[in-house]
Amino acid sequence: MPLLSSKVILEKAQKEGYGVGAFNFNNLEFLQAIIEAAKELKAPVILQVSEGGIKYMGLSFLEGIAREVLPEVDVPLALHLDHGSSFDVIVSAIRVGFTSVMIDASKKPFDENVRITREVVKVAHAVGVSVEAELGKIMGTEEHISVAESEAVFTDPDEAVRFVELTEVDSLAVAIGTAHGIYKGEPKLDFDRLSDIRKKVEVPLVLHGASGLPLEDVRKAISLGICKINIDTDLRVAFREKLEEVLIAKRGEIDPRKFLGPAKEAVRSVVMEKIKAFGSERRAW
Ligand code: G3H
Ligand code: ZN
(Lines give C-alpha, C1' and ligand atoms only; values in the text may rest on other atoms or scores of the structure.)
(Ligands and ions follow the chains in the order given, each with its own letter.)
Protein backbone atom coordinates (compact mmCIF):
# COMPACT_ATOMS: atom_id res chain seq x y z
CA MET A 1 0.00 0.00 0.00
CA PRO A 2 1.18 3.59 -0.59
CA LEU A 3 3.03 5.34 2.22
CA LEU A 4 0.67 7.32 4.47
CA SER A 5 1.17 10.51 6.42
CA SER A 6 1.58 10.15 10.18
CA LYS A 7 -1.60 12.21 10.53
CA VAL A 8 -3.71 9.45 8.95
CA ILE A 9 -2.07 6.75 11.07
CA LEU A 10 -2.21 8.70 14.33
CA GLU A 11 -5.74 10.03 14.04
CA LYS A 12 -7.02 6.48 13.73
CA ALA A 13 -4.93 5.45 16.76
CA GLN A 14 -6.31 8.41 18.70
CA LYS A 15 -9.89 7.54 17.83
CA GLU A 16 -9.46 3.88 18.74
CA GLY A 17 -7.23 4.43 21.79
CA TYR A 18 -3.99 2.63 20.98
CA GLY A 19 -0.38 3.76 20.46
CA VAL A 20 1.72 3.53 17.32
CA GLY A 21 5.44 2.76 17.59
CA ALA A 22 7.81 5.12 15.79
CA PHE A 23 11.08 3.28 15.37
CA ASN A 24 14.38 4.79 14.22
CA PHE A 25 16.59 3.12 11.65
CA ASN A 26 20.03 3.85 10.22
CA ASN A 27 20.72 0.72 8.21
CA LEU A 28 19.21 -2.19 6.33
CA GLU A 29 19.05 -4.53 9.33
CA PHE A 30 16.97 -2.14 11.45
CA LEU A 31 14.73 -1.26 8.52
CA GLN A 32 14.03 -4.92 7.76
CA ALA A 33 13.56 -5.78 11.43
CA ILE A 34 10.91 -3.07 11.86
CA ILE A 35 9.07 -3.95 8.65
CA GLU A 36 9.09 -7.68 9.43
CA ALA A 37 7.73 -7.09 12.94
CA ALA A 38 4.98 -4.81 11.59
CA LYS A 39 4.00 -7.35 8.94
CA GLU A 40 4.00 -10.26 11.35
CA LEU A 41 1.76 -8.44 13.84
CA LYS A 42 -0.30 -6.64 11.19
CA ALA A 43 0.47 -3.33 12.86
CA PRO A 44 0.74 0.22 11.52
CA VAL A 45 4.18 1.66 12.27
CA ILE A 46 6.10 4.85 11.69
CA LEU A 47 9.64 4.43 10.37
CA GLN A 48 11.77 7.37 11.37
CA VAL A 49 15.13 8.74 10.34
CA SER A 50 17.10 11.48 12.06
CA GLU A 51 19.27 14.03 10.28
CA GLY A 52 22.27 11.91 11.27
CA GLY A 53 20.51 8.93 9.69
CA ILE A 54 20.04 10.87 6.46
CA LYS A 55 23.76 11.71 6.41
CA TYR A 56 24.68 8.09 7.10
CA MET A 57 22.37 6.45 4.54
CA GLY A 58 22.19 9.21 1.94
CA LEU A 59 19.13 10.83 0.41
CA SER A 60 19.13 8.72 -2.76
CA PHE A 61 19.14 5.47 -0.75
CA LEU A 62 16.21 6.82 1.29
CA GLU A 63 14.41 7.88 -1.87
CA GLY A 64 14.65 4.29 -3.11
CA ILE A 65 13.21 3.07 0.19
CA ALA A 66 10.39 5.63 0.11
CA ARG A 67 9.42 5.12 -3.50
CA GLU A 68 10.20 1.46 -4.16
CA VAL A 69 10.56 -0.57 -0.97
CA LEU A 70 7.96 0.73 1.46
CA PRO A 71 4.98 0.94 -0.92
CA GLU A 72 5.38 -2.83 -1.44
CA VAL A 73 4.69 -3.50 2.25
CA ASP A 74 1.06 -4.37 2.98
CA VAL A 75 0.69 -2.63 6.37
CA PRO A 76 0.15 1.11 6.96
CA LEU A 77 3.53 2.86 7.15
CA ALA A 78 4.76 6.43 7.28
CA LEU A 79 8.32 7.59 6.65
CA HIS A 80 9.07 10.33 9.14
CA LEU A 81 11.93 12.79 9.61
CA ASP A 82 12.82 12.77 13.31
CA HIS A 83 14.00 16.02 14.99
CA GLY A 84 14.40 18.03 11.79
CA SER A 85 16.30 21.18 12.66
CA SER A 86 16.08 23.34 9.55
CA PHE A 87 13.82 24.25 6.70
CA ASP A 88 16.41 22.89 4.22
CA VAL A 89 16.49 19.41 5.75
CA ILE A 90 12.69 19.33 5.89
CA VAL A 91 12.38 20.25 2.22
CA SER A 92 15.00 17.72 1.13
CA ALA A 93 13.23 14.97 3.08
CA ILE A 94 9.88 15.86 1.52
CA ARG A 95 11.44 15.91 -1.95
CA VAL A 96 12.66 12.31 -1.65
CA GLY A 97 9.31 11.00 -0.45
CA PHE A 98 9.08 11.36 3.35
CA THR A 99 5.39 11.54 4.25
CA SER A 100 5.84 13.08 7.68
CA VAL A 101 8.33 15.49 9.25
CA MET A 102 9.19 16.77 12.69
CA ILE A 103 10.43 20.33 13.02
CA ASP A 104 12.19 20.63 16.33
CA ALA A 105 12.57 24.28 17.25
CA SER A 106 11.89 23.51 20.91
CA LYS A 107 15.12 25.13 22.06
CA LYS A 108 13.99 28.48 20.65
CA PRO A 109 11.73 30.92 22.51
CA PHE A 110 7.97 30.26 22.15
CA ASP A 111 7.32 32.88 19.42
CA GLU A 112 10.30 31.74 17.37
CA ASN A 113 9.22 28.08 17.70
CA VAL A 114 5.74 29.10 16.48
CA ARG A 115 7.12 31.07 13.53
CA ILE A 116 9.47 28.31 12.32
CA THR A 117 6.88 25.56 12.82
CA ARG A 118 4.23 27.57 10.94
CA GLU A 119 6.51 27.97 7.94
CA VAL A 120 7.13 24.23 7.82
CA VAL A 121 3.43 23.46 8.20
CA LYS A 122 2.58 25.69 5.22
CA VAL A 123 5.02 23.94 2.92
CA ALA A 124 4.39 20.40 4.18
CA HIS A 125 0.59 20.64 4.12
CA ALA A 126 0.69 21.91 0.55
CA VAL A 127 2.02 18.48 -0.48
CA GLY A 128 0.05 16.31 1.98
CA VAL A 129 2.92 15.76 4.44
CA SER A 130 2.10 15.89 8.15
CA VAL A 131 4.07 17.85 10.73
CA GLU A 132 5.07 17.11 14.32
CA ALA A 133 6.56 19.83 16.51
CA GLU A 134 7.81 19.96 20.08
CA LEU A 135 6.97 22.24 22.96
CA GLY A 136 9.02 22.10 26.15
CA LYS A 137 12.52 20.65 26.25
CA ILE A 138 13.12 16.90 26.54
CA MET A 139 16.19 15.90 28.52
CA GLY A 140 19.07 13.82 27.19
CA THR A 141 20.85 13.31 23.90
CA GLU A 142 19.33 12.21 20.61
CA GLU A 143 21.85 12.53 17.77
CA HIS A 144 22.68 16.25 17.45
CA ILE A 145 20.06 17.34 20.04
CA SER A 146 21.34 17.58 23.58
CA VAL A 147 19.47 18.98 26.58
CA ALA A 148 21.04 18.97 30.05
CA GLU A 149 18.87 18.04 33.05
CA SER A 150 19.06 21.66 34.26
CA GLU A 151 17.74 22.92 30.88
CA ALA A 152 14.80 20.51 30.67
CA VAL A 153 11.40 22.23 30.64
CA PHE A 154 8.07 20.43 30.91
CA THR A 155 5.33 21.37 28.44
CA ASP A 156 2.93 23.99 29.73
CA PRO A 157 -0.68 22.93 28.91
CA ASP A 158 -1.92 26.45 28.16
CA GLU A 159 1.07 27.20 25.95
CA ALA A 160 0.40 23.92 24.16
CA VAL A 161 -3.13 25.10 23.27
CA ARG A 162 -1.80 28.37 21.85
CA PHE A 163 1.02 26.60 20.05
CA VAL A 164 -1.28 24.16 18.25
CA GLU A 165 -3.74 26.90 17.31
CA LEU A 166 -1.05 29.21 15.97
CA THR A 167 0.97 26.59 14.07
CA GLU A 168 -1.74 24.14 12.93
CA VAL A 169 0.64 21.21 13.55
CA ASP A 170 -0.72 17.68 13.17
CA SER A 171 0.86 16.24 16.30
CA LEU A 172 2.67 17.59 19.34
CA ALA A 173 5.68 16.14 21.19
CA VAL A 174 5.35 16.86 24.88
CA ALA A 175 7.96 17.01 27.63
CA ILE A 176 6.51 15.21 30.66
CA GLY A 177 9.62 13.67 32.22
CA THR A 178 10.96 11.27 29.59
CA ALA A 179 14.57 11.53 28.42
CA HIS A 180 16.42 10.61 25.25
CA GLY A 181 19.02 7.86 25.58
CA ILE A 182 19.64 5.56 28.55
CA TYR A 183 17.95 6.65 31.82
CA LYS A 184 20.32 7.43 34.67
CA GLY A 185 17.73 7.14 37.43
CA GLU A 186 14.16 5.90 37.57
CA PRO A 187 12.00 7.87 35.11
CA LYS A 188 9.09 9.75 36.72
CA LEU A 189 6.40 10.85 34.31
CA ASP A 190 4.07 13.74 35.06
CA PHE A 191 0.78 12.03 34.20
CA ASP A 192 -1.34 14.87 35.60
CA ARG A 193 0.32 17.28 33.21
CA LEU A 194 -0.26 14.86 30.34
CA SER A 195 -3.96 14.54 31.04
CA ASP A 196 -4.27 18.30 31.42
CA ILE A 197 -2.62 18.76 28.00
CA ARG A 198 -4.90 16.09 26.51
CA LYS A 199 -8.02 17.83 27.83
CA LYS A 200 -6.99 21.09 26.17
CA VAL A 201 -5.26 19.97 22.97
CA GLU A 202 -6.96 17.93 20.27
CA VAL A 203 -4.06 16.77 18.08
CA PRO A 204 -2.34 13.41 18.72
CA LEU A 205 0.42 13.67 21.35
CA VAL A 206 3.90 12.19 20.96
CA LEU A 207 6.15 10.62 23.58
CA HIS A 208 9.88 10.95 22.85
CA GLY A 209 12.55 9.10 24.79
CA ALA A 210 10.29 6.11 25.44
CA SER A 211 13.13 3.54 25.55
CA GLY A 212 13.79 2.24 29.03
CA LEU A 213 10.35 3.22 30.35
CA PRO A 214 8.38 0.53 32.14
CA LEU A 215 5.73 -0.69 29.68
CA GLU A 216 2.96 0.03 32.25
CA ASP A 217 4.02 3.69 32.19
CA VAL A 218 3.80 3.76 28.41
CA ARG A 219 0.39 2.08 28.50
CA LYS A 220 -0.82 4.60 31.05
CA ALA A 221 0.51 7.43 28.86
CA ILE A 222 -1.40 5.95 25.91
CA SER A 223 -4.58 5.81 27.98
CA LEU A 224 -4.04 9.51 28.76
CA GLY A 225 -3.67 10.55 25.13
CA ILE A 226 -0.22 9.61 23.78
CA CYS A 227 -0.59 8.23 20.23
CA LYS A 228 3.00 8.04 18.91
CA ILE A 229 5.77 6.44 20.93
CA ASN A 230 9.37 7.04 19.81
CA ILE A 231 11.81 4.19 20.33
CA ASP A 232 15.45 4.28 19.32
CA THR A 233 17.80 3.42 22.21
CA ASP A 234 16.11 0.10 23.11
CA LEU A 235 16.68 -1.13 19.53
CA ARG A 236 20.31 -0.02 19.56
CA VAL A 237 20.96 -1.77 22.86
CA ALA A 238 19.37 -5.03 21.66
CA PHE A 239 21.36 -4.92 18.41
CA ARG A 240 24.66 -4.16 20.12
CA GLU A 241 24.24 -6.82 22.82
CA LYS A 242 23.36 -9.59 20.37
CA LEU A 243 26.12 -8.57 17.96
CA GLU A 244 28.70 -8.63 20.74
CA GLU A 245 27.47 -12.01 21.97
CA VAL A 246 27.69 -13.56 18.49
CA LEU A 247 31.05 -12.02 17.66
CA ILE A 248 32.52 -13.40 20.86
CA ALA A 249 30.92 -16.83 20.34
CA LYS A 250 31.98 -17.04 16.69
CA ARG A 251 35.51 -15.70 16.65
CA GLY A 252 36.90 -15.75 13.12
CA GLU A 253 33.45 -15.58 11.47
CA ILE A 254 33.71 -13.19 8.53
CA ASP A 255 30.29 -13.59 6.88
CA PRO A 256 28.41 -10.45 8.04
CA ARG A 257 25.06 -12.24 7.65
CA LYS A 258 26.10 -14.66 10.38
CA PHE A 259 26.47 -11.93 12.98
CA LEU A 260 24.21 -9.16 11.62
CA GLY A 261 21.37 -11.66 11.10
CA PRO A 262 20.99 -12.54 14.81
CA ALA A 263 21.39 -8.86 15.76
CA LYS A 264 18.57 -8.01 13.33
CA GLU A 265 16.43 -10.72 14.95
CA ALA A 266 17.05 -9.14 18.36
CA VAL A 267 15.78 -5.79 17.06
CA ARG A 268 12.74 -7.48 15.51
CA SER A 269 11.75 -9.03 18.85
CA VAL A 270 12.02 -5.72 20.67
CA VAL A 271 9.86 -4.04 18.01
CA MET A 272 7.29 -6.84 18.36
CA GLU A 273 7.25 -6.52 22.13
CA LYS A 274 6.62 -2.76 21.83
CA ILE A 275 3.89 -3.13 19.20
CA LYS A 276 2.04 -5.58 21.47
CA ALA A 277 2.45 -3.36 24.53
CA PHE A 278 1.20 -0.28 22.65
CA GLY A 279 -1.94 -2.11 21.51
CA SER A 280 -1.31 -1.72 17.78
CA GLU A 281 -1.21 -5.43 16.94
CA ARG A 282 -3.85 -6.34 14.27
CA ARG A 283 -4.71 -2.65 13.75
CA ALA A 284 -3.50 -2.61 10.14
CA TRP A 285 -6.17 -1.86 7.56
O1 G3H B 1 13.17 10.86 18.57
C2 G3H B 1 13.48 9.72 18.94
C3 G3H B 1 13.26 9.31 20.28
O4 G3H B 1 12.66 10.22 21.07
C5 G3H B 1 13.87 8.09 20.80
O6 G3H B 1 14.23 8.15 22.17
O7 G3H B 1 16.32 6.84 22.05
O8 G3H B 1 15.20 7.32 24.21
O9 G3H B 1 14.18 5.75 22.56
P10 G3H B 1 15.01 6.92 22.79
ZN1 ZN C 1 13.16 12.31 20.22
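Here the structure is shown first, and the text comes after it.
Neighbouring residues of ligand 1: 15 residues in total, closest Asp-82, Gly-209, Ser-211, Asp-232 and Thr-233. One of the backbone N or O atoms of Gly-209 is found 2.9 Å from an oxygen atom in ligand 1. Here an oxygen atom of ligand 1 and a side-chain polar atom of Ser-211 are 2.5 Å apart. Compared with its free state, where it exposes 300 Å², ligand 1 has 100% of that area covered by protein. Those elements that provide at least two residues to the shell around ligand 1 are β3 (77-84), β9 (179-180) and β11 (226-231). Among the residues forming the shell around ligand 1, the class breakdown is two nonpolar, 10 polar and three charged.

Following the criterion strictly, the structure yields 22 salt bridges and no others. Note that Asp-170 and Lys-7 form a salt bridge whose closest N and O atoms lie 3.7 Å from each other. You can see Asp-170 sitting in the loop between α7 (157-167) and β8 (171-174) and its partner Lys-7 sitting in helix α1 (residues 6-16), a full 163 residues away along the chain. Residue classification places Asp-170 among the buried positions, given a relative accessible area of 7%. Owing to a relative accessible area of 35%, Lys-7 belongs among the partly exposed residues under this scheme. Lys-274 is the partner of Asp-234 in a salt bridge, and the nearest nitrogen-oxygen pair spans 2.7 Å.

Take the coordination of the zinc ion (ligand 2) next. Summarising the metal site, the zinc ion (ligand 2) is bound by the protein donors His-83 (NE2), His-180 (NE2) and His-208 (ND1), whose distances to it range over 2.1 Å. Every donor residue of the zinc ion (ligand 2) comes from the same chain, spaced as H-x96-H-x27-H. A residue pair is termed long-range when its members are at least 10 positions apart, and His-83 in strand β3 and His-208 in the loop between β10 (205-207) and α9 (215-223) qualify at 125 residues. Judged on exposure class, the residue His-83 and its partner His-208 are both buried.

The next point concerns unusual backbone geometry. The residue Glu-168 is not glycine, and still its phi comes out positive at about 60°. Along the chain, the position of Glu-168 falls in the loop between α7 and β8. At Arg-282, a position not held by glycine, the phi torsion is positive, near 60°. Structurally, Arg-282 is set in the segment after α11 (256-278).

Let us now look at the environment of Glu-119. Relative to the assigned elements, Glu-119 resides in helix α6 (residues 110-126). Classification of Glu-119 by relative accessible area gives partly exposed; the value is 34%. Between the C-alpha atom of Glu-119 and that of Ile-197, which follows or precedes it by 78 residues, the distance is 24 Å.

Right, let's get into the environment of Leu-81. Assignment of secondary structure puts Leu-81 in strand β3. Note: C-alpha distance between Leu-81 and Leu-10 (71 residues apart in sequence) is 15 Å. The contact partners of Leu-81, leaving out residues within four places of it in the chain, are Val-49, Ser-50, Glu-51, Ile-54, Val-89, Ile-90, Ala-93, Phe-98, Ser-100, Val-101 and Met-102.

Summarising burial for strand β2 (residues 45-50): six of the six residues are buried, a large majority. Side chains Val-45, Leu-47 and Val-49 of β2 all project onto a buried face; the interleaved residues Ile-46, Gln-48 and Ser-50 project onto the opposite face, where all are buried too. Sheet topology note: the strand β1 (residues 20-24)/β2 ladder contains three bridges and is parallel. Note that in β2 the partner of Phe-23 across the bridge is Leu-47.

Turning our eyes to something else, we now look at the packing of aromatic side chains. Counted according to the given criterion, the structure contains two aromatic pairs. Measuring from centroid to centroid gives 4.9 Å for Phe-30 and Phe-239, while their planes differ by 50°, and the two rings are tilted. Here the residue Phe-30 occupies a position in helix α2 (residues 28-41), and Phe-239 occupies one in helix α10 (residues 233-249), the gap between them amounting to 209 residues. Side by side, Phe-30 and Phe-239 carry an identical accessibility label, which is buried. Between Phe-110 and Phe-163, the ring centres sit 6.1 Å apart and the planes meet at 65°, which makes this aromatic pair edge-to-face. Note that Phe-110 is positioned in helix α6 and Phe-163 in helix α7, a separation of 53 residues in sequence. Across the ring face of Phe-191, the terminal group of Lys-220 is positioned such that the distance to the ring centre comes to 4.4 Å.

Cut-offs used in this document
- Residues numbered from 1 in each chain as written.
- Chains lettered and ligands numbered in written order.
- Predicted model: local features only at pLDDT ≥ 70, side-chain atom pairs only at ≥ 80, totals over all residues.
- Heavy atoms only, no water.
- Near = heavy atom within 4 Å.
- Polar contact = N/O pair within 3.5 Å; in protein donor to acceptor, adjacent residues only side chain to side chain.
- Areas by Shrake-Rupley, 256 points an atom, 1.4 Å probe, with all protein chains shown as cover.
- Helix = DSSP H or I, 4+ residues; strand = E, 2+ residues; numbered from the N terminus.
- Nonpolar A, V, L, I, M, F, W, Y, C, P; charged D, E, K, R; others polar.
- Salt bridge = Lys/Arg side-chain N within 4 Å of Asp/Glu carboxyl O.
- Buried < 20%, exposed > 50% of the residue type's maximum accessible area, 1.4 Å probe, protein only.
- Donors = N, O, S within 2.8 Å, 3.2 Å for Na, K, Ca; no water.
- Contact = heavy atoms within 4.5 Å.
- Pairing = 2+ DSSP bridges.
- Phe/Tyr/Trp six-rings, centres within 6.5 Å; stacked < 30°, edge-to-face > 60°.
- Lys NZ or Arg CZ within 6 Å of the ring centre and 35° of its normal.

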